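Architecture at a glance
Next come the chains, spelled out residue by residue.
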Amino acid sequence: MRFDERKLFKERMMYRLHIGITVFALIVTVGIAAGYPPPALYGQEAPGETVPGSLYLPFISANFPTPTPTNTATQTPTLTPTATNTPTQPPSPTASATPTPPPPATPPAASMRRVNTPFFNGNIPFEQMAIFWFGRLSESSNYADVRVGYNQEKLTVYLAIFDRHLWYDEAPTTETLTDWDAVTLLLDVNPDAGMLSGSSYRFVAQLSGDASARHRATYQGGAQGWQLRTLNIATKPGWRGEALNNNNGTDRGWAMTFDIPFTALGLSAAPATGSEWRLGLLLHDRDGRNEAPQPVQTWPETLQRDQPATWGRLRFGLPGYTAPNISAAGEVLIRRERQNDPTVIDADVGGAIANQCPGDDYHIWNEWANRNYGKAPDFNIQNQSDVADWPCFAKYYVTFPLGAVPPGKIILSATLTLHQFGNAGGSEAQPSWIQVLTAAEDWQETTITWNNAPLAWENITGRWVDPVGNNWNGWPGIPWSWDVTYAVANAYANHQPVRLILYEADSAYHSGKYFVSSDTGDWNIAGRPTLRVVWGER
C-alpha cells in the first residue's frame, strides 16, 4: 500500500495555515477548529482488506489522564487514536502516573550514560516509559527511539527504528540474525561487571513478518563467551512501509518489543528501587538482499558487545533529590532578558513547527534531520507510537547558566517553567507526558540538528501537559513546570550549566505541544523558558 504523500502535503499546508508564523500563536491558542486527520495507513491493510505479509504494530497500553476541557464546540466522544488496528483489549490496571520517589540517586559516572526506568503497577503505559535515543538518520543509516519500563513481573524495552528499507531473512539462522534488520539487547544484572559472566545476557531479535521464535536468539555469558540458552522471553516486531524485502518503494521504519520476565534471569521479583544493571543496545541494518550489512550503531557510543564495562547503566526507579531542612537564603530567576541575548540558548530539533510532518521523500531522509531551527520563536515537542509519522517528532534543548547562583550554596529547589500556546490536532489532541532529560555536552544554538544534538545523559522526571482549551488565559501562555532540582544540584556541584532536553514517549496521534522559546520577541519576555533556583546557606 503506497503512502499518500499528497495527502500528507495537504495536511501540512492546512496545518501551516492554522499557525502562520506571525499570528499562528493566537489562533492555535484558542483551539484549532478542525485538526488534520489521521495519516493514511502505511504498510498496513486498510479496514476490510487483507494483504498477505503485512503486519500491524504492537498493541500499546495507554493510560491518559482526563484532559482539560476545551473551549471548542461540544464534540462526540471518540476513542483515543492508536497506531494500529489491533482488536479492542480489556481495560488495563491503573498505572502509577507518578511513582513514589525513590531514595536520592547519585548522578551516573562521568563516562557512562544512564536510563532511569519508571515502575508501574499492572500494565506498563507506553507513553510514560522512559525514553532515550541513539543513531544517525540518513538514507543508509538508522535512528532509534528507545522506551523502557518495568513492573513486578518484567522489564519491557521497545525500540522504534527509522529505516528507509526493511529487510529480514526469510530462512534465518542463529548465526546470521544480525546480518539483517535486527536489534541486540544486552543486560547484566551485576552493575559492577567488567567481563562476561553468568550475570550477562544477550537477546537478539530480527525484524520479520511475524513474531516467530526463528527470528530471535538468547544467550548467557560465561568464561567461554556467549552460550546459546533457552530463556523464556518474548519479542514482537512491527513495521510501517510499502513492503518488506522490496526496494521498489521506500519504507518508514519498524519496531521491536522485548518483554523480559525477571524469572527468566533467575530473579524471584523485580529489582529493588535504586538498584542498577548494565544495559547496551546494538542496531543492525541491511538495505538489500544482496547488499552488505550497514555499520552497527550502538548505545552507548563506546559499547563493546563482549565487555560489560563499556555498556551503559539501567537504574530501577527515577532519581530523587532530598534537600536539607534549612531556610531559603536567596533565589534567582534565570531566563533570556533580551531577544538577542546569548544566554539561555534553546532549540527545537526534528519536526520543528517550520519543519513538521513533511512528506517529501528526499527531504525526510536527507534534510529533515540536518536542519537547524535555533532562532525560531517557538518550539514543538512531539512523538507517537506510529513510527511512520517520525517526520512529526521533535525534541527541545535548552541550557541555563548557573553563574547567578552564588558559590558555596546548597540548592534547595529548581523549577523549569515553559509557556504553552498551542498543540497539534485541535479537538483530537490528547494530553502528553513530557519528560525532562539531561545532556552532558555543550551545543550551539545556530548549528544544532536532530543528527548532531547531544544524546541524553539520563532522564530525570516527567509530567502531563494538556492540550490548549479553557486553560488559556492569554499571553504569556499557559505555564507548565517541572521539578529539575536533581539536575540543577548536580550541575551546580560540578560548576556546569544545566543542559536540559525535553521529549516525550507518546502513543496517540496529534501529540505535539507548542511552546514559546527564548527567541520570542521582547513583547513576551515573561513567556520565555525560565529556571527558578532557590538556595540555602551551608
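Scroll up for the structure.
Procedures and definitions
Residues numbered from 1 in each chain as written. Predicted model: local features only at pLDDT ≥ 70, side-chain atom pairs only at ≥ 80, totals over all residues. Heavy atoms only, no water. Helix = DSSP H or I, 4+ residues; strand = E, 2+ residues; numbered from the N terminus. Buried < 20%, exposed > 50% of the residue type's maximum accessible area, 1.4 Å probe, protein only. Contact = heavy atoms within 4.5 Å. Pairing = 2+ DSSP bridges. Axes fitted to C-alpha atoms, helices over the stretch in contact; angles between N-to-C directions. Polar contact = N/O pair within 3.5 Å; in protein donor to acceptor, adjacent residues only side chain to side chain. Core = buried A, V, L, I, M, F, W, Y, C linked by side-chain atoms within 4.5 Å. Salt bridge = Lys/Arg side-chain N within 4 Å of Asp/Glu carboxyl O. Phe/Tyr/Trp six-rings, centres within 6.5 Å; stacked < 30°, edge-to-face > 60°.

Here the focus is the environment of Ile 448. Inspection of the secondary structure assignment puts Ile 448 in the loop between β19 (432-438) and β20 (458-465). With a relative accessible area of 1%, Ile 448 lands in the buried category. The sequence separation of Ile 448 and Val 349 amounts to 99 residues, and the corresponding C-alpha distance is 7.4 Å. Leaving out residues up to four positions away in the same chain, Ile 448 has contacts with Ala 347, Val 349, Arg 371, Asn 372, Tyr 397, Trp 443, Ala 453 and Pro 454.

Moving on: the sheet that holds β19. Judged by pairing direction, the sheet is antiparallel, and its 5 strands sit side by side in the order β15-β17-β22-β19-β20 without closing on themselves. Because the sheet does not close on itself, it has two edges, and the strands there are β15 (346-350) and β20. For this sheet the average axis-to-axis angle between neighbouring strands, irrespective of direction, equals 25 degrees. Pairing geometry for β19 and strand β22 (residues 498-504), over 5 bridges, is antiparallel. From the neighbouring strand, Leu 437 faces β22, where its bridge partner is Ile 501. Lying on the sheet, helix α4 (residues 485-493) is in contact with β19, β20 and β22; it crosses β22 at an angle near 150 degrees.

Attention now moves to the side chain of Thr 298. Looking at the element boundaries, Thr 298 is found in strand β12 (residues 297-299). Here the side chain of Thr 298 touches Pro 300 through a polar contact of 2.9 Å, landing on its backbone oxygen. Looking at Thr 298, its side chain comes within polar contact range of the main-chain oxygen of Glu 301, at 3.3 Å. Excluding residues within four positions of it along the chain, Thr 298 makes contact with Phe 134, Leu 281, Leu 282 and Leu 303.

The omega torsion across Trp 299 and Pro 300 is -10 degrees, close enough to zero to call that bond cis. Tracing the backbone through its elements, the reader meets Pro 300 in the loop between β12 and β13 (312-316). Backbone geometry places His 495, a non-glycine residue, at a positive phi of 55 degrees. By secondary structure assignment, the location of His 495 is in the loop between α4 and β22.

On to the nonpolar core. Counting residues in hydrophobic clusters, the biggest one holds 75 residues, and the most contacted among them are Leu 155, Leu 159, Phe 203 and Phe 258. At 7 residues, strand β4 (residues 154-162) tops the list of elements feeding residues into this core. Those residues in contact with Leu 159 that lie beyond four places of it in its chain are Phe 134, Ala 144, Asp 145, Val 146, Val 183, Trp 254, Ala 255, Met 256, Phe 258 and Leu 281. Core analysis: the next-biggest nonpolar cluster, separate from the first, contains 42 residues, Ile 334, Ala 424, Trp 480 and Val 484 among them.

Taken in spatial order, the 5 strands line up as β2-β3-β4-β10-β9 in an open sheet, and their pairing is antiparallel. Looking along the sheet, the strands with just one partner apiece sit at the ends: β2 (130-135) and β9 (234-240). Neighbour to neighbour, the strand axes of the sheet diverge by 15 degrees on average, direction disregarded. The pairing of β4 with strand β10 (residues 253-261) spans 9 bridges and is antiparallel. When the bridges of β10 are listed, Tyr 158 appears paired with Thr 257.

This part covers the side chain of Arg 313. By secondary structure assignment, the location of Arg 313 is in strand β13. The buried category is assigned to Arg 313, whose relative accessible area is 16%. Of note is the side chain of Arg 313, whose polar atom sits 3.2 Å from the backbone oxygen of Pro 191.

Enumeration according to the criterion identifies 21 salt bridges in this entry. Between Glu 331 and Arg 532 there is a salt bridge whose closest N-O contact spans 2.6 Å. Highlighted residues: Glu 331 in strand β14 (residues 330-334) and Arg 532 in strand β24 (residues 530-536), separated in sequence by 201 residues. For the salt bridge of Arg 371 with Glu 367, the shortest nitrogen-to-oxygen distance reads 3.0 Å. Using a relative accessible area of 37% as the deciding quantity, one classes Arg 371 as partly exposed.

Below, the discussion takes up α4. Where burial is concerned, most of α4 is hidden: 7 out of the 9 residues are buried. Regarding α4, the residues found buried are Thr 485, Tyr 486, Ala 487, Val 488, Ala 489, Ala 491 and Tyr 492. Directly beyond the C-terminal end of α4, a positive phi value near 55 degrees is found at His 495.

So, about the packing of aromatic side chains. To describe a pair of aromatic rings, you give the distance between the ring centres and the angle between the ring planes. Within this structure, the stated rule accounts for 27 aromatic pairs. Note on Phe 162 and Trp 390: the rings are 5.0 Å apart at their centroids and 10 degrees apart in plane angle, and the pair reads as stacked. Of the two residues, Phe 162 sits in strand β4 while Trp 390 sits in the loop between β16 (378-381) and β17 (394-400), which places them 228 residues apart along the sequence. Exposure remark for Trp 390: the relative accessible area of 0% places this residue in the buried category. A ring pair is formed by Trp 277 and Phe 316, whose centres lie 4.9 Å apart and whose planes are at 70 degrees; its orientation type is edge-to-face. Of the two residues, Trp 277 sits in strand β11 (residues 276-284) while Phe 316 sits in strand β13, which places them 39 residues apart along the sequence. For Trp 277, a relative accessible area of 4% translates into the label buried. Taken together through their ring pairs, the aromatic side chains of Trp 133, Tyr 143, Phe 162, Trp 365, Trp 368, Trp 390, Phe 393, Trp 450 and Tyr 503 make up a single cluster.

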